[in-house]
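Observations on chain architecture
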Amino acid sequence: TAGTWPVLGRFDLATPDPNAADATVRVRGMGLQISTPDGDVWRSAMIDAPIFAVSTPQAFYELLQSAPKGGEAMEAFIGRHPEFTAFANWAGTAPWTSSYAEDPFNSLNSFLFTDAGGTTRAVRWSLRPSATPVPIAPDELAKRGPNYLEQEIASRVAGAPQRWTMVVTVAEPGDVTADPSRAWPVGRRTVEVGTLVVNKVIAEPNGPCRDINFDPT
């Protein structure tokens with residue numbers, strides 16, 4: 001459907017620690033709320049990882065308990081949830097960037113889209129950046145300050161609007177749709193369905209998205 005709709009969003013680091021420095025958090029996220037012409041809102045929570053760390057909410061709860069303990073606690077956790085290994089491999093090998101504007105953001109959960117003809121398909125969506133990613137080592141990112149990413153995106157958007165293409169990937173029969181830790185095979189049909197344009201950044205304290213729950217489901 002052609003048109004333009006207002007959005008509110010939040011760039012974030014995937015950590016419960018509000019004081020965490022940029023270079024200490026591997027996963028970044030974007031929460032997004034689209035306001036529709038009929039007065040509804042459509043919310044999404046996305047992360048830059050191509051797969052989620054675990055397959056179920058219960059496993060994620062266990063991860064939050066085990067990760068701070070490290071060592072044997074994490075070894076036992078991985079033994080119970082071997083799917084975590086794929087996520088750990090991504091975290092250990094994928095390049096870091098020095099800007100939210102250079103990051104992709106993925107829904108990971110699957111949703112059902114029904115077209116005007118009544119056909120329903122399972123999909124996942126992603127936001128793919130227009131900005132070219134420039135890799136940076138974590139120690140170099142650390143030298144730029146603990147809140148560099150927040151400062152950089154505000155400065156970048158002040159200079160020019162930043163864009164992401166929203167791409168929907170369509171599942172084929174047999175694709176797993178209830179496990180965000182498993183990627184779909186390469187080559188699945190994709191459809192570009194829109195463009196996100198970020199043209200203003202507002203400081204988070206008392207900002208318009210402070211009290212919004214960007215719900216991944």
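Before any of the text, the structure's been laid out above.
First things first, this report covers the structure right here in the doc. What you see is a predicted model, and the numbers here were worked out from it, not measured in a lab. (Residues numbered from 1 in each chain as written. Predicted model: local features only at pLDDT ≥ 70, side-chain atom pairs only at ≥ 80, totals over all residues. Heavy atoms only, no water.)

With respect to the side chain of arginine 28
Considering the arrangement of structural elements, one finds arginine 28 in strand β2 (residues 28-35). Exposure remark for arginine 28: the relative accessible area of 2% places this residue in the buried category. At a separation of 2.7 Å, a polar atom in the side chain of arginine 28 contacts the main-chain carbonyl oxygen of threonine 97. Polar contacts involving the side chain of arginine 28 include one to the side chain of aspartate 103, which spans 3.0 Å. (Helix = DSSP H or I, 4+ residues; strand = E, 2+ residues; numbered from the N terminus. Buried < 20%, exposed > 50% of the residue type's maximum accessible area, 1.4 Å probe, protein only. Polar contact = N/O pair within 3.5 Å; in protein donor to acceptor, adjacent residues only side chain to side chain.)

Brief notes about the packing of aromatic side chains
Counting across every chain of the model gives eleven aromatic pairs. Measuring from ring centre to ring centre gives 5.3 Å for phenylalanine 52 and phenylalanine 60, while their planes differ by 50°; the resulting arrangement is tilted. Overall, phenylalanine 52 belongs to the partly exposed group, its relative accessible area being 24%. Consider the rings of phenylalanine 77 and phenylalanine 84, whose centres lie 5.8 Å apart with planes at 80°: the pair is edge-to-face. Of the residues examined, phenylalanine 84 reaches a relative accessible area of 11% and is grouped as buried. (Phe/Tyr/Trp six-rings, centres within 6.5 Å; stacked < 30°, edge-to-face > 60°.)

Concerning the pairing of strand β6 (residues 111-114)
Where β6 and strand β7 (residues 120-129) come together, four bridges link them in antiparallel fashion. Its bridge partner being in β7, phenylalanine 111 is matched across the sheet by valine 123. Count of turn residues in the β6/β7 antiparallel hairpin: five residues, of which glycine 118 carries a positive phi of about 90°. (Pairing = 2+ DSSP bridges.)

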